[in-house]
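Structure at a glance
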Amino acid sequence: MKNFFRLFLVLCHTILFTSLAQAQSQMPKLSLSEVSSIKWADKRVEWLDKAQANMPELKHTLVKPVAIVEGVADDGAFQGWRMVKSDQAIENFYKTSLKGHAPIILDLGDHYTGYVTFKVNHTGMPADAPVRLKLTFAELPAEVMTPFDPYTGSLSRAWLQDEVITIMRLPDEVKIPRRIACRYVKIEVLAESYFDFVIEDFSFDAVTSATGEPMALSEDCDPMIRRINQVGLKTLAECMQTVYEDGPKRDQRLWIGDLYLEALANAYSYRNHTLTKRCLYLLAALADEDGYLHATVYEYPTPMPQINQHVHDYSLLYGVALLEYFKETGDRQTAEDLWPVVEYQVEFARTYLKDGIYDVNKQPAWWLVFDWKDDLNRATPMQGLMTFCIAKSYELAEMLGYEDREPVKEWEKVLDQMRRASKSELYDKKRGVMLSGEQGQISYLSQAWMTLSDTFSRKEAQRAMRYVLEDESTCYPGSPYAYHYIIEALLHCGMETQARELMLKYWGGMIDKGADTFWEVYDPKDDKRSPYGMHVVNSACHAWSCTPVYFINKYKHIFQ
Ligand code: RAM
């Protein structure tokens, strides 16, 4: 019965997926050659070559465990667990016979991403049988202390970092094949025999492509801001691999939304611009046949897109990422090469406009990310984001001298129409806020995107942002990704004090709860919130959470 049900689910999923793919492929889309003179197919190979030519070298650092720790259940601690140092010194670990030993947790002292190698040897009598160990690698205390099974998460159970290893003969050196992201390592003996055995050596080869030297903060900088900056830098460095990954534990790949924010933070810290360049080319080369960007792409075993995975807010942000890259580096060649991609994203999004409003009901409707918050109505945030992205894409066109070209010369009018339509259709003049959806939801994100898109005047923006900051019933953000745009909006309309306070409260809140790196999801009201049905599969070192680095180093006078 159980199997039948499973088969039924698989069938439903397949039918749904196929019809979605069909609907998407039947949809009349503009092709890239219709909006620009460049032939997409010819460029794909060239762009992929450029992406590969800008592959960064990884820096390796040898890390050793610094302590043996024990988990203590504590309602006051993040997700109910904290770690305490055990009485056993780490040096003794290598001499401790593991035969019949209770599980041991090693602490690397910080979060690292890389490869684990250890040596196992018998002491005294030679091994007459294999040894079987289970290793669990975890980013957080609760992750190492919570049994993974029964697993209730919606993403693959295999993302969780537990590995069972059988060592046939001793001594032997074991290398865990998968790349690991963790601070804690739990070692359990699953099967053994008469002989004593030890782990003689344990090494973690930590890797990152963040090699530049971040700027020093001013000497009198607030200690909490200093700590937020440090943890943000660590988060970013861990996610900087051969692409800007979203998270080194999960999904370990390039997503446009994450790339944009990581590139901003990188520009104010490690300044590894070739990584940004590689990611921009890679995404362009792997867009769909027509030129619509895939929201996420894989590098291995060979570069390929996650087919049919389009996110409409992300594809528009690509142009903003290219603009910022160009401003930062002056690399006109890359901006010129990739301009048609930006133009396509804008023109394609324009086909979703109905009287100046982004039509969320037009089919096929694309995934709109914005935040990990189920109750967020995304219509008005999307209207604001699209306005913002067209304005930024237009700015890029101006820098390239393309503003008089078709179709770019229409964009100023489009912007004007969108801003007017937002004001007349979505604005509640009485309360001074933008409403979203049929129920007229008031959310932080609607106000933030209308602020960033200059749909609001400065005064209106301040009024709207104040409203959401003070009104408890407002739909509040659920992830650092969304908080980034709230802070950006506060700065944009001159609410500097509130921006600083919010950063201290939100990111400082994670620090107070023991964060070594910033988390993918953080709701101060619910530590175990997960978009995936189980908190252990959340990523605890997540790219889109690193952006205090950008704010603190860009707006020194406000944050340092
Ligand atoms: C998640 C990723 C990533 C985000 C996408 C939309 O699975 O971790 O950060 O950009 O979804």
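Residues numbered from 1 in each chain as written. Predicted model: local features only at pLDDT ≥ 70, side-chain atom pairs only at ≥ 80, totals over all residues. Heavy atoms only, no water.

1. With respect to the pattern of salt bridges
- Here the structure, examined in full by the defined rule, presents 31 salt bridges.
- The closest approach of N and O atoms between aspartate 162 and arginine 157, which form a salt bridge, is 2.8 Å.
- Residue classification places aspartate 162 among the buried positions, given a relative accessible area of 16%.
- For arginine 157, a relative accessible area of 24% corresponds to the partly exposed category. (Salt bridge = Lys/Arg side-chain N within 4 Å of Asp/Glu carboxyl O. Buried < 20%, exposed > 50% of the residue type's maximum accessible area, 1.4 Å probe, protein only.)

2. Some words on the domain arrangement of the chain
- Domain boundaries assigned for the chain yield domain 1 (59-208) and domain 2 (223-559).
- On a C-alpha basis, the centroid separation for the pair domain 1 and domain 2 is 37 Å.
- Contacts between the two partners involve 28 residues from domain 1 and, on the opposite side, 29 residues from domain 2.
- When the area that domain 1 buries against domain 2 is broken down by residue, the three leading residues are Phe78, Trp159 and Arg179, summing to 28%.
- Connecting domain 1 to domain 2 are three salt bridges. (Domains from an automatic or database assignment. Contact = heavy atoms within 4.5 Å. Buried area = accessible area lost by both parts, 1.4 Å probe.)

3. Quick word on the sheet that holds strand E11 (residues 296-298)
- Strand order in the open sheet made by the three strands is E10-E11-E12, with antiparallel pairing throughout. Each edge of the open sheet is held by one strand with a lone partner, namely strand E10 (254-255) and strand E12 (304-305).
- Bridge analysis of E11 against E12 gives two bridges, and the strand direction is antiparallel. When the bridges of E12 are listed, tyrosine 298 appears paired with methionine 304. (Pairing = 2+ DSSP bridges. Helix = DSSP H or I, 4+ residues; strand = E, 2+ residues; numbered from the N terminus.)

4. Section: the pairing of strand E4 (residues 104-123)
- Strand direction decides the pairing type here: strand E2 (residues 67-73) and E4, joined by three bridges, are antiparallel. Within E4, the residue paired with valine 69 across the bridge is isoleucine 105.
- Bridge analysis of E4 against strand E8 (residues 180-191) gives seven bridges, and the strand direction is antiparallel. Looking across to E8, one finds that threonine 113 is bridged to alanine 181.
- Pairing between E4 and strand E9 (residues 196-208): 10 bridges, direction antiparallel. What sits directly across from lysine 119, in E9, is aspartate 201.
- Pairing geometry for E4 and strand E7 (residues 172-175), over four bridges, is antiparallel. Within the sheet, the bridge partner assigned to phenylalanine 118 lies in E7 and is valine 174.

5. Looking at the site of the ligand
- In the neighbourhood of the ligand, 13 residues make up the surrounding shell, with Asp246, Asp251, Asp258, Tyr314 and His542 lying closest.
- Arginine 250 places a polar side-chain atom, nitrogen or oxygen, 3.0 Å from an oxygen atom of the ligand.
- Within the contact set of the ligand, an oxygen atom lies 2.7 Å away from a side-chain nitrogen or oxygen of histidine 542.
- Contact with the protein chains covers 96% of the free accessible surface of the ligand, which is 290 Å².
- Considered class by class, the residues forming the shell around the ligand number seven nonpolar, one polar and five charged. (Near = heavy atom within 4 Å. Polar contact = N/O pair within 3.5 Å; in protein donor to acceptor, adjacent residues only side chain to side chain. Areas by Shrake-Rupley, 256 points an atom, 1.4 Å probe, with all protein chains shown as cover. Nonpolar A, V, L, I, M, F, W, Y, C, P; charged D, E, K, R; others polar.)

6. Concerning helix H8 (residues 273-285)
- Helix length check: H8 (13 residues) gives 18 Å between terminal C-alpha atoms against 18 Å at 1.5 Å per residue, within 8%.
- Most of H8 sits out of view: 11 of its 13 residues are buried.
- Those residues of H8 that sit buried are His273, Leu275, Thr276, Arg278, Cys279, Leu280, Tyr281, Leu282, Leu283, Ala284 and Ala285. (Expected span 1.5 Å × (residues − 1).)

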